[in-house]
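Secondary and tertiary structure notes
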Amino acid sequence: MKVTSLILLKRDLSSALRSRWLLGFAASFAAMGASFAYLGALGLGEVGFRAYSASVAGIINLNLYVVPLAAVVSSSLSLVAERERGTLEFLLSLPVARWEMVLSRLGASVLSLAAAIALGYGLASWILWLLLTEVDLWIYLSMFGTSVLLASAFAGIGVLISSAARSRFGALALALGAWIGLVMVYEVALMAAVILLRLDSVTVMVLMALNPVQASRLMMVYYVDPTLSFLGEFGVTLLRQLGGSLIPVLVSSQLAVLSVSTAIALLIFSKSEL
Amino acid sequence: MKAIEVRGLRKTFGERVALESVSMQVEKGESVLLMGPNGSGKTTLLRCVMGILDFEGEISVMGLDVKRDGKEVRRVTGYVPQHVRFPEEATVYELVDFVSDLKGVDVELDDVLGPFGLTEASHVKVGALSGGMKQRLAIALALIGDPQVILMDEPFSNLDAASRGVVTELLKTLIEEGKTVVVSVHTVSGLIHVFEKVAVLRDGRMAGLFRAEEVLRKMRPSYRIHLRTGNGWTTLRTDDLFAALSRLRNEGHDLREAWVEEPDVEELMGSVGA
């Protein structure tokens, strides 16, 4: 007998890969990734690792804005769309547990986003491959992994929104609010807090780790420059205090966001009406 | 072991009480017509039995506790919802494949769709089917896996006369095969004689569970034929609608001017003292 979760995942993944949101994201991410790779190299007028670094800087910013938006929007519609279309009753009348539905939607969101991100990275790396004599594949894969982790954390937030929302419009509004709050407002608020409250490095680190966007930013910067010299005194202090634990701490914090969001989504969805 | 056992069922939606102290037992192989006016709680009761809605009280199906073993209950129970809504982008074939996978059975497409005249539509997207075809598909899907318990919520709501005949014959076959069948209707249809028992819901409470022959005996005469004559409108009451219409035609009445009124549930409840 086939496993229920895999049957659901197969169906949900097929549906997610046909989503217009995801296709739009994949196309734009691929186009932007390729453009950054190409223009980054051209802008420096030379080839080699410096060209690569310029491209990577572009891809970091691309990631931190676009990946969370695509992840939270597409996953926020996953359950509420079924509710609004009235197809939820059909699914719930089948031998399926509600928790299996939630995890299947989350899994399908993460896998489809990973595929879209891989497409963008793939195009960019193909262009870079033409320009570079020596490509640091490990950095590139680490960046890809960080993007997928960031997408997963925001997919968790999106599924949480989807389990609680009563309409697609409401879910979209909440998703955009979460994106603006975590991607834009949080950064400005953090900078203001650092300046006004003179926060110490540990507090800043904790506040950054709590937000998947900031945690990903730190991870990506670390992969490009393991000395964290871009971050000045803060980077030096961070490395002195955490050293080799920096990446595990940041990965854990994002997994924690994913786990907590998913747990709350499971709780809400298990009690929700049609 | 009862096929369905409901004890002290209570269901609320916010402040509104939809079902209060509902208890009923359905023996294995028994057929029950669940009647009640709109808003009496029929749909809610069936959804609770399927474990689609959360509830207070106890419900078991084939000895399985709905709260604890909801997934297994849905494996042994076929359910046809009142408002059939499927994922529109899926084809009929994909839905059959999906449901049979979840129920853990291998099926022949023609065996599932053939009795409902849907074999030709197997590769058509569900969104392109008519309301009647969707209703027939819902019944076909509910019967996948040869469930021992079958619940149908207003299965005639979207069907034309020919399809109603097909479904009525199907119900008779299922009952003859010894399946446990519960069908809800909001009008008193000509179906009572097909079932062994009639359960009546009123304002969220079980008003009574009667033997069908008792209901038929007490309700007679059931149909009202309103007929225009030279003196205005005349009303005739009859049990045998077709014989009465035939007699009227033979007497030279213009039946294009006549209309037939089925007895409503209130009348039925009054007849049986519910």
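Note that this is a predicted model, so its numbers are computed, not measured. (Residues numbered from 1 in each chain as written. Chains lettered and ligands numbered in written order. Predicted model: local features only at pLDDT ≥ 70, side-chain atom pairs only at ≥ 80, totals over all residues. Heavy atoms only, no water.)

Taken together, the side chains of B:Asp106, B:Glu108, B:Asp110 and B:Asp111 make up a negatively charged region of the molecular surface. With respect to the element layout, B:Asp110 can be found in helix H4 (residues 109–113). (Patch = residues over 30% accessible without salt bridge, like charges linked within 9 Å, V, L, I, M, F, W, Y side chains within 5 Å. Areas by Shrake-Rupley, 256 points an atom, 1.4 Å probe, with all protein chains shown as cover. Salt bridge = Lys/Arg side-chain N within 4 Å of Asp/Glu carboxyl O. Lys, Arg positive; Asp, Glu negative; His and termini not counted. Charge placed at Lys NZ, Arg CZ, Asp CG, Glu CD. Helix = DSSP H or I, 4+ residues; strand = E, 2+ residues; numbered from the N terminus.)

Turning our eyes to something else, we now look at the nonpolar core. In terms of nonpolar packing, the biggest core is built from 145 residues, with A:Phe25 and B:Leu137 touching the most fellow members. A:Phe25 has contacts with A:Val66, A:Val67, A:Ala70, A:Leu113, A:Ala116 and A:Ile117, leaving out every residue within four places of it along the chain. Core analysis: the second largest hydrophobic core is formed by 17 residues, A:Met208, A:Ala215, A:Leu218 and A:Val221 among them. (Core = buried A, V, L, I, M, F, W, Y, C linked by side-chain atoms within 4.5 Å. Buried < 20%, exposed > 50% of the residue type's maximum accessible area, 1.4 Å probe, protein only. Contact = heavy atoms within 4.5 Å.)

Geometrically, a pair of aromatic rings is defined through the distance of the ring centres and the angle of the planes. Residue and element names in this part refer to chain A. All told, the structure shown has 3 aromatic pairs over all chains when counted by the stated rule. Taken together, a centroid distance of 5.4 Å and an interplanar angle of 40° make the contact between Phe 25 and Phe 29 tilted. Of this pair, Phe 25 and Phe 29 both sit in helix H2 (residues 20–44), 4 residues apart, roughly one helical turn. Given a relative accessible area of 5%, Phe 25 falls into the buried group. Between Tyr 222 and Tyr 223, the ring centres sit 6.3 Å apart and the planes meet at 65°, which makes this aromatic pair edge-to-face. Look at Tyr 223 and you get buried, because its relative accessible area is 16%. Sitting above the plane of the Phe 269 ring, Arg 98 keeps its charged end 5.5 Å from the centroid. (Phe/Tyr/Trp six-rings, centres within 6.5 Å; stacked < 30°, edge-to-face > 60°. Lys NZ or Arg CZ within 6 Å of the ring centre and 35° of its normal.)

Here we come to the side chain of A:Ser201. Structurally, A:Ser201 is set in helix H9 (residues 201–210). Not counting chain neighbours up to four residues away, the residues in contact with A:Ser201 comprise A:Phe234 and A:Thr237.

Once that is clear, we can look at the interface of chain B and chain A. On the chain A side, the residues contacting the 26 residues of chain B number 26 residues. When chain B packs against chain A, the two sides together hide about 2,400 Å² of surface, and 60% of this comes from carbon and sulfur. B:Lys71 is the salt-bridge partner of A:Glu100, the closest N and O atoms lying 2.8 Å from each other. Counting across the chain B and chain A interface gives 9 residue pairs in polar contact (both at pLDDT 80 or more). Counting only elements with at least two residues in the side of chain B that touches chain A, the list comes to strand E1 (4–13), helix H1 (42–50), helix H2 (70–76) and helix H3 (92–103) of chain B. The greatest single-element share of the side of chain B that touches chain A, amounting to 7 residues, is contributed by H3(B). (Buried area = accessible area lost by both parts, 1.4 Å probe. Polar contact = N/O pair within 3.5 Å; in protein donor to acceptor, adjacent residues only side chain to side chain.)

All names here are of chain B. A sheet is described by the order of its strands in space; here 4 strands give the open sequence E2-E1-E4-E5, paired in antiparallel fashion. Two strands lie at the open edges of the sheet, namely strand E2 (16–26) and strand E5 (64–65), each paired on one side alone. The pairing of E1 with strand E4 (residues 56–61) spans 5 bridges and is classified as antiparallel. In the sheet register, Arg 10 faces E4, and the bridge partner there is Glu 56. Those strands touched by H1 are E1, E2 and E4, and its axis lies near 115° from that of E1. (Pairing = 2+ DSSP bridges. Axes fitted to C-alpha atoms, helices over the stretch in contact; angles between N-to-C directions.)

The subject of this paragraph is the environment of A:Tyr65. Residues and elements named next belong to chain A. On the secondary structure map, Tyr 65 appears in helix H3 (residues 49–76). On the basis of relative accessible area, Tyr 65 is assigned to the partly exposed category, the value being 36%. For Tyr 65, the residues in contact, after removing those within four places along its chain, are Trp 179, Val 183 and Met 184.

Let us now look at the sheet that holds strand E13 (residues 259–261) of chain B. Residue and element names in this part refer to chain B. Across the sheet, which stays open at both edges, the 3 strands sit in the order E12-E11-E13 with antiparallel pairing between neighbours. Looking at the sheet topology across the chains shown, the edges are occupied by strand E12 (232–238) and E13. Neighbour to neighbour, the strand axes of the sheet diverge by 25° on average, direction disregarded. With 7 bridges connecting them, strand E11 (residues 223–229) and E12 associate as antiparallel partners.

All names here are of chain B. Where strand E9 (residues 197–202) meets strand E10 (residues 205–211), 6 bridges bridge the pair, whose relative direction is antiparallel. Its bridge partner lying in E10, Arg 202 is registered against Arg 205. Counting the residues between successive antiparallel strands, the hairpin from E9 to E10 contains 2 residues, one of them, Asp 203, with a positive phi of roughly 50°.

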